[in-house]
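Overview (structure and organization)
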Amino acid sequence: MSDCLFCKIAEGAIPSNKVYEDEQIVCFHDIEPQAPVHVLIVPKKHIKSLDELTSDDAELISHIMLKIKDIAAELGLEGGYRTVINTGDDAFQTVKHLHFHILGKRKLTWPPG
Ligand code: 5GP
Ligand code: ZN
């Protein structure tokens, strides 16, 4: 999607601090971290939110879920981490391209309000 921030980051058109990439997903540090470690996993396919998933996305979502532990281990989060998916305006989803937050090394007061 041409005007989507996370599509542009996934394509490399907008720079990011990447921690992982493969043919289906990219993972990069959040620009405004809400914990000492805060990264986002983003599918390269433009999907607006969980609300737009179809059964065609089953393999992609499975791939993301199975990669989370590997990325967390790579980031040194052996002590644990939160995985957050915000969906829609009431959840304060600000970027309308599906993304999985991974937050670690504590500070569990997010999100505010
Ligand atoms: P949401 O509130 O939609 O679940 O989360 C969007 C996240 O994207 C926020 O945590 C925000 O800090 C992050 N974000 C917004 N713009 C950028 C950007 O240009 N680069 C990076 N790396 N993160 C961004
Ligand atoms: Zn997009």
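Structure shown above.
Cut-offs used in this document
Residues numbered from 1 in each chain as written. Chains lettered and ligands numbered in written order. Predicted model: local features only at pLDDT ≥ 70, side-chain atom pairs only at ≥ 80, totals over all residues. Heavy atoms only, no water. Helix = DSSP H or I, 4+ residues; strand = E, 2+ residues; numbered from the N terminus. Buried < 20%, exposed > 50% of the residue type's maximum accessible area, 1.4 Å probe, protein only. Donors = N, O, S within 2.8 Å, 3.2 Å for Na, K, Ca; no water. Tetrahedral: all angles 85-135°; square planar, octahedral: opposite > 155°, others 65-115°. Phe/Tyr/Trp six-rings, centres within 6.5 Å; stacked < 30°, edge-to-face > 60°. Near = heavy atom within 4 Å. Polar contact = N/O pair within 3.5 Å; in protein donor to acceptor, adjacent residues only side chain to side chain. Areas by Shrake-Rupley, 256 points an atom, 1.4 Å probe, with all protein chains shown as cover. Nonpolar A, V, L, I, M, F, W, Y, C, P; charged D, E, K, R; others polar. Salt bridge = Lys/Arg side-chain N within 4 Å of Asp/Glu carboxyl O.

A few words on the overall build of the protein chain. Within the protein chain, the regular secondary structure consists of 2 helices and 5 strands. Helices and strands in the protein chain line up, N terminus first, as α-β-β-β-α-β-β. Once the C-alpha set of the protein chain is aligned to its principal axes, its extents read approximately 35 × 30 × 30 Å. Residues classed as buried in the protein chain amount to 40% of the 113 residues present.

Bringing the coordination of the zinc ion (ligand 2) into the picture now. Only Cys4 (SG), Cys7 (SG), His46 (ND1) and His97 (ND1) from the protein reach the zinc ion (ligand 2) as donors, at distances of 2.0 to 2.3 Å. What the 4 donor atoms of the zinc ion (ligand 2) show is an angle range of 104 to 118 degrees at the metal, which sorts the shape as tetrahedral. Expressed as a motif, the donor residue spacing for the zinc ion (ligand 2) is C-x2-C-x38-H-x50-H. Linking Cys7 in helix H1 (residues 5-11) with His97 in the loop between strand S4 (81-84) and strand S5 (100-104), this pair joins segments that are 90 residues apart in sequence.

Let us now look at the packing of aromatic side chains. A complete count under the given rule lists 1 aromatic pair for this structure. Ring geometry for Phe6 against Phe28: centres 5.5 Å apart, planes inclined by 75 degrees, an arrangement best described as edge-to-face. With Phe6 in helix H1 and Phe28 in strand S2 (residues 25-29), the pair connects residues that are 22 residues apart, well separated along the chain. Phe28 matches Phe6 in its accessibility class, with the two residues each being buried.

Residues in contact with ligand 1 amount to 16 residues; listed here are only the nearest, Asp30, Asn86, Thr94, His99 and His101. Here Asp30 contributes a side-chain N or O atom positioned 2.5 Å from an oxygen atom of ligand 1. In this structure, an oxygen atom belonging to ligand 1 sits 2.8 Å away from a side-chain N or O atom of Asn86. In the complex, 83% of the free accessible area of ligand 1, which totals 520 Å², lies under the protein chains. When residues of the shell around ligand 1 are traced back to their parent elements, those giving at least two are H1 and S2. Residues belonging to the shell around ligand 1 are distributed by class as follows: 8 nonpolar, 6 polar and 2 charged.

Tallying each qualifying case throughout the model produces 5 salt bridges. In this structure, Lys67 engages Asp70 in a salt bridge whose closest nitrogen and oxygen atoms are separated by 3.9 Å. Residue Lys67 and its partner Asp70 are both found in helix H2 (residues 58-74); the two are separated by 3 residues, about one turn of the helix. As a salt-bridge pair, Lys96 and Asp89 come within 3.0 Å of each other at their nearest N and O atoms. The class for Lys96 is partly exposed, based on a relative accessible area of 33%. Asp89 sits in the exposed class, given a relative accessible area of 58%. The network of salt bridges with shared partners includes Lys18, Glu21 and Lys44.

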